[in-house]
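Geometric and topological summary
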Amino acid sequence: MRAYVQIKPEDNVAIAVQELPQGTELMPGVVTLSVIPQAHKIALVDILKDGAIIRYGVILGYAIDPIAKGQWINEHMLRLPTPPSLDDMPFGTNLRTDLPEPPVRTWMGYRNPEGGYGGTRNFLGIQTTVQCVEGTLNVATERIRRELLPKYPHVDDVVAINHAYGCGVAINAPEAKVPIRALRNICHHPNFGGQLMVVSLGCEKLTADMLVGPENNTPENVVVLQECRGFEGCMQAILTMAEKKLKILNERRREELPLSDLLIGMQCGGSDAFSGVSANPSAGYAADMIVQGGGTVLFSEVTEVRDGVHFIAERCVSAEVRDKLAAEMRWYDNYLSEANVDRSANPTPGNKKGGLSNIVEKAMGSIAKSGTSPIVEVLSPAERPTKHGEIFAATPASDIVCGPCQMASGIGLQVFMTGRGTPYNLAAVPVIKVCSRNELKEQWPDIIDISAGAVATGEKTIAEVGTEIFNKIIACASGQDQPFAEKYGMHNYLCIFNPAPIT
Ligand code: CA
């Protein structure tokens, strides 16, 4: 097992694979001056005050005080560089064509009756116009699961799309288009098989018309609680509609579909300094295989792309794609600055404990999960893709906000990389968890699906773990396997991105 990881020859820091005791000779002439915690950086040369600290071949920041060779570099020792300019970024200068071949080019999915990407599960999705209905709907959902679902064995589950939006919001504010678009698109998620079912209160701002369109706002699709008689009337209305939809969904069957019908998302959370070494590049390798097979992969998290945006721009296939990338970055810069913060608000205490000193270092690791494929499209938050290939879907980096955004874009599965560990999951979309270091897999053997730790220690290659991730994606998308979180039925509340005011 190797003791340290240096990514690029020009890097003047390396990270410790395990905790290193003081006095360890890491390489000739580099001796640790103190204990170096696992995943943390060690200076390979003397760095002057204001000298650049380089990892991944990029400047993570500038030394606030002189740093000695062998010294531990933590988050208090770097000054953040200015982010890359968004003006006139070169595009199309790094369009890779020799992507890795996928082991298979088909999967077993549900054809989407509305067209577009296939479904990975067969769920009755129950949409809501407003938070007010959640308590009632949750009781009804439990009754559907208990009383109706056993009669329809080809339906996997019932999923209530509860959320905090819908009323008490500035519904006409320009940015309200983001949460409205997200909820509208979630109604048409491929896993819901084209069956619309909406539970509405009756007096909310987000009307059923706005959610599903006037043509779909019919008694066949929408239950209005204020029109039901008492609690039992609410239950009966919801259960009666659910049974009609379950009968139709029960006819769905999986069939062999090309990879071009597969849409997945990549996300990371609870990252550490290994994320960019092991888990994210391995996921990126799997992403490249899916793209090579004709499939589509979304990656997101604007604040974690911002400092590496020029590396994404050079992979954009056209000026139009590059321009939308820049526009999404500018929108987010402005969104942050209006609240008097910037991208440095991103790293968490856990990220820092995991050796990530700042957002530049986090971003360099984060973008690795996008692989190396050309970027064919850029989406605004919760938009649906129109192209096949690698796509940047702008979302916040927050795990529980990025997830629903990608879900609204229609992903059938998400691959989630973590270094610190999180049990995050989505109810409507299976989430495969990949960890960056073996210790986390040992600690959470039944929460983490795949460990990329052997890449960090040098015992496996990125291609080996990347292929393992690809095979897991296909098996889970095809319903032949389930990620741990799905088996346990644990999932997070849907936090819909709302950049508009609440009233
Ligand atoms: Ca995240």
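Per chain, the residues get numbers from 1 upward, laid out in the order the sequence is written. Whole-chain, interface and lining totals are the exception, using all residues; otherwise, since this is a predicted model, local features are given only for residues with pLDDT of at least 70 and side-chain atom pairs are given and counted only at 80 or more.

**Structural notes on the overall build of the chain**
- Numbering of helices and strands runs from the N terminus; a helix is a DSSP stretch of H or I covering at least four residues, while a strand is a stretch of E covering at least two. Per the secondary structure count, the chain includes 14 helices and 22 strands.
- If one aligns the C-alpha atoms of the chain with their principal axes, the spans along those axes are about 80 × 45 × 40 Å.
- Here the C-beta atoms are placed from the backbone, and a residue counts as buried if at least 20 other C-beta atoms lie within 10 Å of its own, exposed if 12 or fewer do, and partly exposed otherwise. Counting the 503 residues in the chain, one finds 53% classified as buried.

**Quick look at the packing of helix α1 (residues 134-148) against helix α4 (residues 230-249)**
- The convention used is that axes are lines fitted to C-alpha atoms, helices contributing only their stretch in contact, and that angles between N-to-C directions extend from 0 to 180 degrees. Axis separation between α1 and α4 bottoms out at 10 Å; the angle between their running directions is 50°. Here α1 lies oblique to α4, going by the angle between them. Helix-helix and strand crossings are classified by hand; for α1 and α4 the assignment is right-handed. Between α1, through T136, L137, A140, R143, I144 and L148, and α4, the contact on the second element is made entirely by C234, M235, I238, L239, A242, E243 and L246.
- The nonpolar class holds Ala, Val, Leu, Ile, Met, Phe, Trp, Tyr, Cys and Pro. Asp, Glu, Lys and Arg form the charged class, and all remaining residues, Gly among them, are polar. Here the contact of α1 with α4 is composed, by residue class, of 10 nonpolar, one polar and two charged. Angles are sorted into four bins: roughly parallel if under 35 degrees, roughly antiparallel if over 145, roughly perpendicular if 65 to 115, and oblique for all others. Throughout, a crossing is termed right-handed when the near helix is turned clockwise from the far one, and left-handed when it is turned anticlockwise from it by less than a right angle. Contact definition: two residues whose C-beta atoms, as placed from backbone geometry, lie within 7 Å.

**Thoughts on the environment of L246**
- Turning to its location among the elements, L246 is positioned in helix α4.
- With 20 C-beta atoms packed within 10 Å, L246 lands in the buried category.
- On a C-alpha basis, the gap between L246 and L149 in space is 7.8 Å, while along the polypeptide they are 97 residues apart.
- Residue contacts for L246: discarding those within four places in its chain leaves L124, L148, Y152 and V155.

**A word on the sheet that holds strand β20 (residues 413-418)**
- Two strands are counted as paired when DSSP detects at least two bridges linking them. The sheet built from seven strands is open, its strands ordered β18-β19-β17-β16-β20-β21-β22 with parallel pairing. Since the sheet does not close on itself, it has two edges, and those belong to β18 (375-379) and β22 (450-451), each with one partner.
- Here helix α7 (residues 319-337) sits on the sheet and contacts β18 and β19 (390-393); the angle it forms with β18, its principal contact strand, is near 35°.

**Digging into the nonpolar core**
- Joined through C-beta atoms within 7 Å, a set of buried Ala, Val, Leu, Ile, Met, Phe, Trp, Tyr and Cys residues constitutes a nonpolar core. I290, L325, V434 and I473 are the most contacted members of the largest nonpolar core, which has 154 residues in total.
- Once residues within four sequence positions are removed from consideration, I473 is found in contact with I264, A286, L413, V415 and I432.

**Observations concerning the domain arrangement of the chain**
- Throughout, the edges of the domains are those of an automatic or database domain assignment. Looking at the assigned domains, one finds that the chain contains domain 1 (4-79), domain 2 (123-249) and domain 3 (266-488).
- Measuring from the centre of the C-alpha atoms in domain 2 to the corresponding centre in domain 3 gives 30 Å.
- Of the residues lining the interface, 11 residues belong to domain 2; the matching set on domain 3 comes to 14 residues.
- Here the element with the most residues in the side of domain 2 that touches domain 3 is helix α2 (residues 177-187); it accounts for five residues.
- Of the residues that constitute the side of domain 2 that touches domain 3, the class distribution is six nonpolar, four polar and one charged.

**Let's talk about the sheet that holds strand β9 (residues 78-79)**
- Pairing in this open sheet of three strands is antiparallel, and the strands run β6-β7-β9 from one edge to the other. Since the sheet does not close on itself, it has two edges, and those belong to β6 (52-55) and β9, each with one partner.
- Pairing analysis gives two bridges linking strand β7 (residues 58-63) to β9, with the strands arranged antiparallel. Along β9, the bridge assignment pairs Y62 with R79.
- Across the sheet, helix α9 (residues 359-366) is in contact with β6 and β7; its angle to β7 comes to roughly 165°.

**Things to note about the packing of α2 against helix α10 (residues 399-408)**
- Taken N-terminus to C-terminus, the directions of α2 and α10 make an angle of 55°; their axes are 8 Å apart at the nearest point. Judged on the interaxial angle alone, α10 and α2 are oblique. Every pair of crossing elements has a handedness; the one defined by α2 and α10 is left-handed. Counted together, A182, N185 and I186 of α2 and P404, C405, M407 and A408 of α10 form the full contact between these two elements.
- The residue inventory of the contact of α2 with α10, partitioned by class, reads six nonpolar, one polar and no charged.

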